Amino acid sequence: MTITYKKVNDWEGNWASITKKEDGNFVMSIPLCNDNTDYQEYLEWVAKGNTPEEAE
Amino acid sequence: MASIKLKGDTSGEVTIQAPSVAGTTTLNLPATSSTLATQNALGVRNLIINGDMRISQRGTSFTSNLENTYTLDRWKIHDRLCTSRSVTQESFSTGSVSTFGKEVSNYLRATFSNDSGATPPFVMHAIEDVKSVAGETVTISFWAKADSAQDIELHYSQQFGGGGSSEVTAIIDTFTLTTSWAKYTTTVTIPSISGKTVGTSSNLRIDWRMPANTAITYDMTLVQLEANTTATPFENRPYDMELERCKRYCYVLESTSVTGRQTICSACSHATTAGIGFLQLPVEMRALPSLSLSAVGDWAVHLPGVNRSQLTALALGANGDQKSLYITFSHATHTSYGSAKYVFIDTWISGTGQFILSAEL
């Protein structure tokens, strides 16, 4: 199972959230919030040298 | 004002004092042996939420990978990659008062087999804020049984959260379960956190650790953790109060009717392929929640009086908070949609779709 993340912009082009995927399939949308444990997992993933896919 | 003093045979005494006003006051004691709590006796003394396993917004049966996964509300599983595992919300028929001393509706059943053995699977509950009972003596009580006589261990773990100190964990007690329901209690002093750094999402975790390398079917209900030196009777909290407390951590919208559709929120279409919705949350959640779905295609955007269009993407928008959220969505091109059209997001097919907002620990 491969975990990846993708940045999502809002309608004004600002970074609004992160999409988590497993094997390319949508798992959840994560807010940019330090108190959110899924966001903390994302930060740990980045700290390990991974890079999220940029927003479209 | 008269009083009666009961003196212990070696130390201590209890004074029963008559009220200063005229009249007769009667204190009825329970017919069976019990504990009269004199400290922390007012409401909400149980720090465990959903201790009687009544609430299970995500569903009543969980059988896929349960590593680090919430099941019944507030109850998380670490299955340690067992080859088979399941968690279900089970129901009692009426008459359970003869076992528990009160009618109980539900219990949690966890079944594990063939774990790796290195770290056995466990059922856990996280109490928000590591400061909640730090440095205090607490008593944990629960009713449990297993499919055969087996030992389980109870552990605590002080989790200091993101950016905080390293966890402090220790075993509390070991219990030998039988195949019959029994109440287990233990008292422990949670370490002081003086000098520790508390980060984001800190919590006190209680783990019910299963035996390693052994298949087990474990049943549990009426779980209570209280800042007290003895176990008091399980605290009865109204269903609506307990549900609201659960929703601080998880809020699920779903369509369960085969004839109806679940409307998630009102929204505004701003293009022929996209729009933004606004969702008011029922309670203030612990943090900005994550959003997971049964499948994006389970949901549709609905232009009243015109048609519905299946969603192709959905995500949290900016500027949400713990009380309300913005949701951005995309759908197949439809010329009826466009600038400032008032729409709804609802389920694409009747009876399907689950929309989970999670601010869990």
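Scroll up for the structure.
Residues numbered from 1 in each chain as written. Chains lettered and ligands numbered in written order. Predicted model: local features only at pLDDT ≥ 70, side-chain atom pairs only at ≥ 80, totals over all residues. Heavy atoms only, no water.

## Regarding the interface of chain B and chain A
Here is step 1 of the chain: Facing 24 residues of chain B, the contacting portion of chain A comprises 19 residues.
Here is step 2 of the chain: Summed over both partners, the interface of chain B with chain A buries about 1600 Å², with 58% contributed by carbon and sulfur atoms.
Here is step 3 of the chain: Per-residue buried area on chain B facing chain A is highest for Leu 288, Ser 290 and Leu 316 of chain B; these three make up 26% of the total on that side.
Here is step 4 of the chain: Connecting chain B to chain A are zero salt bridges.
Here is step 5 of the chain: Run the count over chain B and chain A and you get ten residue pairs in polar contact (both at pLDDT 80 or more).
Here is step 6 of the chain: Those elements giving two or more residues to the side of chain B that touches chain A turn out to be β18 (290-293) and β20 (307-316) of chain B.
Here is step 7 of the chain: Of the residues forming the side of chain B that touches chain A, the biggest block, four residues, is contributed by β18 of chain B.
Here is step 8 of the chain: Of the residues belonging to the side of chain B that touches chain A, the class tally is twelve nonpolar, ten polar and two charged.
Here is step 9 of the chain: As paired strands, strand β3 (residues 25-31) of chain A and β18 of chain B are joined by two bridges and run antiparallel to one another. Residue Met 28 of chain A lies in a different strand from β18 of chain B, and its bridge partner there is Ser 292 of chain B. (Contact = heavy atoms within 4.5 Å. Buried area = accessible area lost by both parts, 1.4 Å probe. Salt bridge = Lys/Arg side-chain N within 4 Å of Asp/Glu carboxyl O. Polar contact = N/O pair within 3.5 Å; in protein donor to acceptor, adjacent residues only side chain to side chain. Helix = DSSP H or I, 4+ residues; strand = E, 2+ residues; numbered from the N terminus. Nonpolar A, V, L, I, M, F, W, Y, C, P; charged D, E, K, R; others polar. Pairing = 2+ DSSP bridges.)

## Remarks on the packing of aromatic side chains
All names here are of chain B.
Here is step 1 of the chain: Inspection of every chain in the model, using the stated rule, returns 18 aromatic pairs over all chains.
Here is step 2 of the chain: Note on Tyr 107 and Trp 181: the rings are 5.3 Å apart at their centroids and 80° apart in plane angle, and the pair reads as edge-to-face. Separated by 74 residues along the polypeptide, Tyr 107 in strand β7 (residues 106-113) and Trp 181 in the loop between β11 (168-177) and β12 (182-189) bring together distant segments of the chain.
Here is step 3 of the chain: Among the aromatic residues, those joined into a ring-pair cluster are Trp 75, Phe 142, Phe 175, Tyr 184 and Trp 208.
Here is step 4 of the chain: One cation-aromatic arrangement involves Arg 74 over Tyr 249; the distance from NZ or CZ to the ring centre is 3.8 Å. (Phe/Tyr/Trp six-rings, centres within 6.5 Å; stacked < 30°, edge-to-face > 60°. Lys NZ or Arg CZ within 6 Å of the ring centre and 35° of its normal.)

## Observations regarding the environment of Ser 358 of chain B
Here is step 1 of the chain: Along the chain, Ser 358 of chain B turns up in strand β23 (residues 354-358).
Here is step 2 of the chain: Distance from Ser 358 of chain B to Ser 148 of chain B, taken between C-alpha atoms, is 35 Å for residues 210 residues apart in sequence.
Here is step 3 of the chain: For Ser 358 of chain B, the residues in contact, after removing those within four places along its chain, are Asn 36 of chain A together with Tyr 249, Pro 289 and Ser 290 of chain B.
Here is step 4 of the chain: A polar contact is formed between the side chain of Ser 358 of chain B and the backbone nitrogen of Glu 360 of chain B, at a distance of 3.4 Å.

## Overview of the nonpolar core
Here is step 1 of the chain: Counting 39 residues, the largest nonpolar core has Trp 75, Phe 142, Trp 208 and Tyr 218 of chain B as the members making the most contacts within it.
Here is step 2 of the chain: Counting residues in hydrophobic clusters, the runner-up holds 29 residues, among them Leu 279, Leu 291, Leu 316 and Ala 359 of chain B. (Core = buried A, V, L, I, M, F, W, Y, C linked by side-chain atoms within 4.5 Å. Buried < 20%, exposed > 50% of the residue type's maximum accessible area, 1.4 Å probe, protein only.)

## Some details on the environment of Thr 174 of chain B
Residue and element names in this part refer to chain B.
Here is step 1 of the chain: For Thr 174, the position within the fold is in strand β11.
Here is step 2 of the chain: Residue classification places Thr 174 among the partly exposed positions, given a relative accessible area of 41%.
Here is step 3 of the chain: Sequence separation between Thr 174 and Ala 287 is 113 residues; the distance between their C-alpha atoms is 35 Å.
Here is step 4 of the chain: Ignoring sequence-local partners within four residues, the contact set of Thr 174 consists of Asp 151, Ile 152 and Glu 153.

## Here we look at the pairing of strand β1 (residues 3-7) of chain B
Residues and elements named next belong to chain B.
Here is step 1 of the chain: Among the five residues that make up β1, zero are buried, leaving the element largely open to the surroundings.
Here is step 2 of the chain: Sheet topology note: the β1/strand β2 (residues 13-17) ladder contains five bridges and is antiparallel. Counterpart to Lys 5 in the pairing with β2 is Thr 15.
Here is step 3 of the chain: The antiparallel hairpin formed by β1 and β2 contains five residues in its connecting segment, where Gly 12 sits at a positive phi of about 75°.

## Some points on the pattern of salt bridges
Here is step 1 of the chain: Applying the stated criterion across every chain yields a total of 21 salt bridges over all chains.
Here is step 2 of the chain: In this structure, the salt-bridge partner of Lys 145 of chain B is Asp 219 of chain B, at a minimum N-O distance of 2.8 Å. Here Asp 219 of chain B lies in strand β14 (residues 216-226) and Lys 145 of chain B lies in strand β9 (residues 137-146), a separation of 74 residues in the sequence.
Here is step 3 of the chain: For Lys 145 of chain B, a relative accessible area of 16% puts it in the buried group.
Here is step 4 of the chain: Taking relative accessible area as the criterion, Asp 219 of chain B reaches 1% and is therefore assigned buried.
Here is step 5 of the chain: Among the salt bridges present, the one from Arg 237 of chain B reaches Glu 242 of chain B, with a minimum N-O distance of 2.7 Å. By the burial criterion, Arg 237 of chain B is buried, and Glu 242 of chain B matches it.
Here is step 6 of the chain: Several salt bridges converge on common partners, so that one network encompasses Lys 6, Glu 53 and Glu 56 of chain A.

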